[in-house]
Amino acid sequence: QVQLVESGGGTVQAGGSLRLSCAASGRTFSNVAIGWFRQAPGKEREAVSCITTDGDTMYADSVKARFTISRDDAKNTVYLQMNSLKPEDTGIYYCADLRGEVVPHGPLPYSYEYDNWGQGIQVTVSS
């Protein structure tokens with residue numbers, strides 16, 4: 001079955017950078033969109049970014065110009081490069097796959113639209 005595993009998290013100071021990876025096994029990324037979500041303690045899960053099968057990207061307003069999502073289908077891996085990190089970026093980050101159609105540059109898909117989820121990885125940004 002499909003498995004998604006996040007890696008690359010950790011603790012950084014404000015203004016620093018991290019690159020998260022989402023690696024898949026059991027199914028390739030080539031025919032699915034991949035999204036990143038995050039959840040801070042006591043807050044709802046928030047859609048951060050999504051990349052379609054064609055490589056089109058979408059971002060939450062809060063991370064535009066700071067985060068970059070990309071995919072390497074040959075490696076079955078999607079990346080989230082996070083620059084200029086802020087304390088409010090702190091949370092558990094999840095990746096998920098979506099087999100349905102995603103409109104490029106449209107609204108970020110809702111959490112319930114995704115089919116399979118990783119276990120999440122902690123990102124902490126200190127001030």
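Rules of the game
Residues numbered from 1 in each chain as written. Predicted model: local features only at pLDDT ≥ 70, side-chain atom pairs only at ≥ 80, totals over all residues. Heavy atoms only, no water. Pairing = 2+ DSSP bridges. Helix = DSSP H or I, 4+ residues; strand = E, 2+ residues; numbered from the N terminus. Axes fitted to C-alpha atoms, helices over the stretch in contact; angles between N-to-C directions. Core = buried A, V, L, I, M, F, W, Y, C linked by side-chain atoms within 4.5 Å. Buried < 20%, exposed > 50% of the residue type's maximum accessible area, 1.4 Å probe, protein only. Contact = heavy atoms within 4.5 Å.

Asker: Just to check I follow, could you spell out the sheet that holds strand S1 (residues 3-7) for this structure?
Answerer: In a beta sheet, neighbouring strands pair by backbone hydrogen bonds and run either parallel or antiparallel. Overall, antiparallel pairing links the four strands, which are arranged S1-S3-S8-S7 in an open sheet. If you trace the sheet from one side to the other, it starts and ends with S1 and strand S7 (67-72), each paired once. Between one strand and the next, the sheet's axes are offset by a mean angle of 15 degrees, whatever the strand orientation. In the sheet, S7 pairs with strand S8 (residues 77-82) via six bridges, with the strands oriented antiparallel.

Asker: Honestly, the nonpolar core in this entry has me stumped. Any pointers?
Answerer: Proteins that are soluble and globular tend to have nonpolar side chains buried together. Counting 25 residues, the largest nonpolar core has Leu20, Trp36, Phe67, Leu80, Met82 and Tyr93 as its most contacted members. Of all the elements in the fold, those that place two or more residues in this core are strand S3 (18-25), strand S4 (33-39), strand S5 (46-51), S7, S8, strand S9 (91-98) and strand S11 (121-126). Here the element with the most residues in this core is S3; it accounts for four residues. Ignoring anything within four residues of it in the chain, the contact list for Leu20 reads Ser7, Gly8, Gly9, Trp36, Val78, Tyr79, Leu80, Met82, Tyr93, Ile121 and Val123. Judged by nonpolar contacts, the second largest core, of nine residues, contains Ala33, Cys50, Leu98 and Tyr114.

It is worth stressing that arrangement in space is one thing and function is another; only the former is reported here.
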